[in-house]
Amino acid sequence: MGFVDELKKYRLQFIRSKQNENLSVHTIRHYETGFRYFFEYVDLLNKKKRGKLSSSHVDENFIYDFLDWAAQKNGKQSQSTKKAYLVRISVFYV
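So, a few notes on the structure that sits alongside this text. Just so you know, these numbers come straight off a predicted model, no measurement behind them.

Reading the values: rules and limits
Going along each chain's sequence as written, the residues are numbered from 1 onward. Under the rules for a predicted model, residues below a pLDDT of 70 receive no local features and side-chain atom pairs below 80 are neither given nor counted, while totals for whole chains, interfaces and linings still include all residues. With hydrogens and water excluded, all non-hydrogen atoms of the structure serve as input to the side-chain values. Patch definition: residues above 30% relative accessible area lacking any salt bridge, with like charges linked at up to 9 Å and the nonpolar side chains Val, Leu, Ile, Met, Phe, Trp and Tyr linked at up to 5 Å. Per-residue and other accessible areas follow the Shrake-Rupley method at a 1.4 Å probe size, with only the shown protein chains counted as cover for residues. What makes a salt bridge here is a side-chain nitrogen of Lys or Arg within 4 Å of a carboxyl oxygen of Asp or Glu, nothing more. Only four residue types enter the charge count: Lys and Arg as positive, Asp and Glu as negative, with His and the chain ends excluded. Note that the charge is assigned to NZ on lysines, CZ on arginines, CG on aspartates and CD on glutamates. Each helix is a run of H or I in the DSSP string that is no shorter than four residues. Each strand is a run of E no shorter than two, and both are numbered from the N terminus. Only protein chains enter the area calculation, which uses a 1.4 Å probe; residues under 20% of their type maximum are buried, those over 50% are exposed, and those in between are partly exposed. Each polar contact in these results corresponds to two N or O atoms within 3.5 Å; when the atoms are within protein, one needs to be able to donate a hydrogen and the other to accept it, and residues that are neighboring in sequence are counted only if both atoms are side-chain atoms.

Here we take up a negative patch on the surface. A surface patch of negative charge is lined by Asp 59, Glu 60, Asp 65 and Asp 68. Position of Asp 68 relative to the elements: it lies in helix H3 (residues 60-74). Asp 68 sits in the partly exposed class, given a relative accessible area of 47%.

What follows concerns the pattern of salt bridges. Evaluation of the coordinates by the stated rule reveals three salt bridges. We note a salt bridge from Asp 43 to Lys 8, for which the minimum N-O separation is 3.2 Å. With a gap of 35 residues between them, Asp 43 in helix H2 (residues 25-48) and Lys 8 in helix H1 (residues 3-20) connect regions that are remote in the sequence. The residue Lys 18 makes a salt bridge to Glu 21 at a minimum N-O spacing of 3.5 Å. What makes Lys 18 buried here is its relative accessible area of 13%. The class for Glu 21 is partly exposed, based on a relative accessible area of 46%.

Once that is clear, we can look at the environment of His 30. Along the chain, the position of His 30 falls in helix H2. In this structure His 30 comes out as partly exposed when scored by relative accessible area, which is 35%. Sequence separation between His 30 and Ile 89 is 59 residues; the distance between their C-alpha atoms is 12 Å. There is a polar contact of 2.8 Å between the side chain of His 30 and the side chain of His 26.

Spelled out as structure tokens, the structure:
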């Protein structure tokens, strides 16, 4: 199983764990939305790297590049939206 497939598997497990914590539907939806954009970015980079993306590529610059990409994709984003993405990603990786 490749890195991207592992991330997707862990994303599903993460969402299930949050659902089992009885978080609100609204909170779960926020996690899923943030992950959707993050995983779209990960898939894009994985294709550019011809399937060779690995966990070693995910560093501080990777996250900032993701935030820049998301801002370009969705138009200008507020600081609170960027912070929300950072929080979701950091909670996912902890």
